[in-house]
Amino acid sequence: TCRVVVLISGNGSNLQALIDQQAAGLLPIDIVAVISNRPNVMGLQRAAKANIPHQVVDHTEFDSRELFDTALQQCIQQFTPDLVVLAGYMRIMTADLVRRFAGKMLNIHPSLLPKYPGLHTHRRALDNKDLQHGSSVHFVTEELDGGPVIAQSQFDIQPGDTEDSLAIRIKQLEHKLYPKVVGWFAENKIALQGNQALYNGEKLLQPKMI
Ligand code: GAR
């Protein structure tokens, strides 16, 4: 089974979706650790409840991003993961850290990438009067939210939608989307080659729609 370390910064509902699918025998993964850059967050309680080792590497205790990422890398490394899953992890990573886990790190981002890398994606979709919104799972590369997209889920924005309603709706889709892609990784279906995602050994020309 694929050894997975999950990085979080907060609520951890995407972590919970992975925990639940693993527990149900639907995902050939072993979540060997949960690491949070913030203490006392809900995601850590979820890990505790599932008897998953969990640690905090608090970014506010480090003088620079480099020092923090070095500590984070050491923390991750002790669990010898096959895959690092960013699930609502809200820190920008140094190139060093990204390179260390090249091809072995996935992120979920709440927009239809390449639209809206960075923050406030729901507000930006509303401000631009987009008709659709969604979420993307991609391999992490040095470019922020710029790695090759593997799969997306999308939905129609309704009149009356707000940032909050979009955030809720997107998470419902993410809880299906992310476990699916993590499962593909665990089954060796997907890989990173240069700046390209491969699916069953072939270049993925467009994201899979889930
Ligand atoms: C998710 O919607 C995820 O896409 C987003 O944060 C939420 C975390 O929810 N991630 C980012 O914005 C990454 N920059 P969760 O903590 O309940 O899983």
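You'll find the protein chain entered in an unreviewed UniProt entry as Phosphoribosylglycinamide formyltransferase, with Pleionea mediterranea given as the organism. UniProt's Sequence similarities (unreviewed entry) comment on the protein chain is quoted here verbatim: "Belongs to the GART family." Checking UniProt for the protein chain, the heading Catalytic activity (unreviewed entry) contains the comment "N(1)-(5-phospho-beta-D-ribosyl)glycinamide + (6R)-10-formyltetrahydrofolate = N(2)-formyl-N(1)-(5-phospho-beta-D-ribosyl)glycinamide + (6S)-5,6,7,8-tetrahydrofolate + H(+)".

Draft legend 1. Highlighting the overall build of the protein chain. Assigned secondary structure in the protein chain consists of six helices and 11 strands. Relative to a compact globule of 210 residues, whose C-alpha radius of gyration would be 17 Å, the protein chain shows 16 Å and is just as compact. Each of the three principal axes of the protein chain carries a C-alpha extent, and together these read 45 × 40 × 35 Å. Scored against the burial criterion, the 210 residues of the protein chain give a buried share of 49%. In the protein chain, the share of contacts with a sequence separation of at least 24, taken over all contacts with a separation of at least 6, comes to 62%. Carbon and sulfur atoms provide 49% of the accessible area of the protein chain, an area that totals close to 10400 Å². The average position of the 20 basic charges and that of the 21 acidic charges among the side chains of the protein chain differ by 4 Å.

Draft legend 2. Expanded view of the UniProt feature "active site" (unreviewed entry) in the protein chain. Here, the residues flagged by UniProt with the feature "active site" (unreviewed entry) are His109. Mapped onto the secondary structure, His109 falls in strand 5 (residues 105-109). Among residues more than four places away in sequence, those in contact with His109 are Tyr116, Pro117, Gly118, Thr121, Ser135, Ser136, His138, Asp145 and Glu174.

Draft legend 3. Quick peek at the sheet that holds strand 7 (residues 149-156). Strand order across the open sheet formed by eight strands is 3-2-1-4-5-6-7-11, with mixed pairing between neighbours. If you trace the sheet from one side to the other, it starts and ends with strand 3 (54-56) and strand 11 (208-209), each paired once. Where strand 7 lies against strand 11, two bridges are found, and the strand directions are parallel. Bridged to Gln152 within strand 11 is Met209. In the packing of helix 2 (residues 42-49) onto the sheet, contacts are made with strand 1 (2-8), strand 2 (29-36) and strand 3, and the angle to strand 3 comes to roughly 155 degrees.

Draft legend 4. Examining the packing of helix 1 (residues 13-23) against helix 6 (residues 163-186) more closely. Relative orientation of the contacting elements helix 1 and helix 6 amounts to 50 degrees, with a least axis distance of 9 Å. With respect to helix 6, the axis of helix 1 lies oblique. Here helix 1 and helix 6 pass one another in a crossing that is right-handed. Together, Ser13, Asn14, Ala17, Leu18 and Gln21 of helix 1 and Lys171, Glu174, His175, Tyr178, Pro179 and Val182 of helix 6 make up the contact between the two elements. Residue composition of the contact of helix 1 with helix 6, grouped by class: five nonpolar, four polar and two charged.

Draft legend 5. View of the layout of surface pockets. Reported here for the largest pocket is a volume of approximately 900 Å³. Lining of the largest pocket is provided by 39 residues; of these, Gly88, Tyr89, Met90, Ile108 and Pro110 occupy positions nearest its centre. Breaking the lining of the largest pocket down by element, the ones donating at least two residues are helix 1, strand 5, helix 5 (121-127) and helix 6. Among the elements that take part in the lining of the largest pocket, helix 6 stands out by supplying five residues, more than any other. Here the lining of the largest pocket is composed, by residue class, of 15 nonpolar, 16 polar and eight charged.

Draft legend 6. Local environment of the environment of Glu143. In this structure, Glu143 sits in the loop between strand 6 (132-139) and strand 7. You can call Glu143 exposed: its relative accessible area is 52%. Separated by 83 residues in sequence, Glu143 and Thr60 have C-alpha atoms that sit 24 Å apart.

Draft legend 7. Here's a closer look at the site of the ligand. Every residue close to the ligand is listed here: Asn11, Gly12, Ser13, Asn14, Gly88, Met90, Ile108, Pro110, Lys171 and Glu174. At 2.7 Å from an oxygen atom of the ligand is found a main-chain nitrogen or oxygen belonging to Gly12. Asn14 places a polar main-chain atom, nitrogen or oxygen, 2.9 Å from an oxygen atom of the ligand. In the complex, 87% of the free accessible area of the ligand, which totals 450 Å², lies under the protein chains. Taken atom by atom, the bulk of the ligand overlaps the largest pocket. Contributing elements (two or more residues each) for the shell around the ligand: helix 1 and helix 6.

The rules behind each value
Residues numbered from 1 in each chain as written. Predicted model: local features only at pLDDT ≥ 70, side-chain atom pairs only at ≥ 80, totals over all residues. Heavy atoms only, no water. UniProt positions renumbered as here; feature names shortened; annotations may be inferred. Helix = DSSP H or I, 4+ residues; strand = E, 2+ residues; numbered from the N terminus. Rg over C-alpha atoms; globule rule 2.2 N^0.38 Å. Buried < 20%, exposed > 50% of the residue type's maximum accessible area, 1.4 Å probe, protein only. Contact = heavy atoms within 4.5 Å. Areas by Shrake-Rupley, 256 points an atom, 1.4 Å probe, with all protein chains shown as cover. Lys, Arg positive; Asp, Glu negative; His and termini not counted. Charge placed at Lys NZ, Arg CZ, Asp CG, Glu CD. Pairing = 2+ DSSP bridges. Axes fitted to C-alpha atoms, helices over the stretch in contact; angles between N-to-C directions. Parallel < 35°, antiparallel > 145°, perpendicular 65-115°, else oblique. Left-handed = near helix turned anticlockwise from the far one by under 90°. Nonpolar A, V, L, I, M, F, W, Y, C, P; charged D, E, K, R; others polar. 1 Å grid on protein atoms, 1.4 Å probe; cavity = no way out; pocket = protein on both sides within 12 Å on 5 of 7 lines; lining within 4 Å. Points joined across faces, edges and corners; volume = space filled by probe spheres on them. Near = heavy atom within 4 Å. Polar contact = N/O pair within 3.5 Å; in protein donor to acceptor, adjacent residues only side chain to side chain. Sits in = over half its atoms within 2 Å of the grid points.

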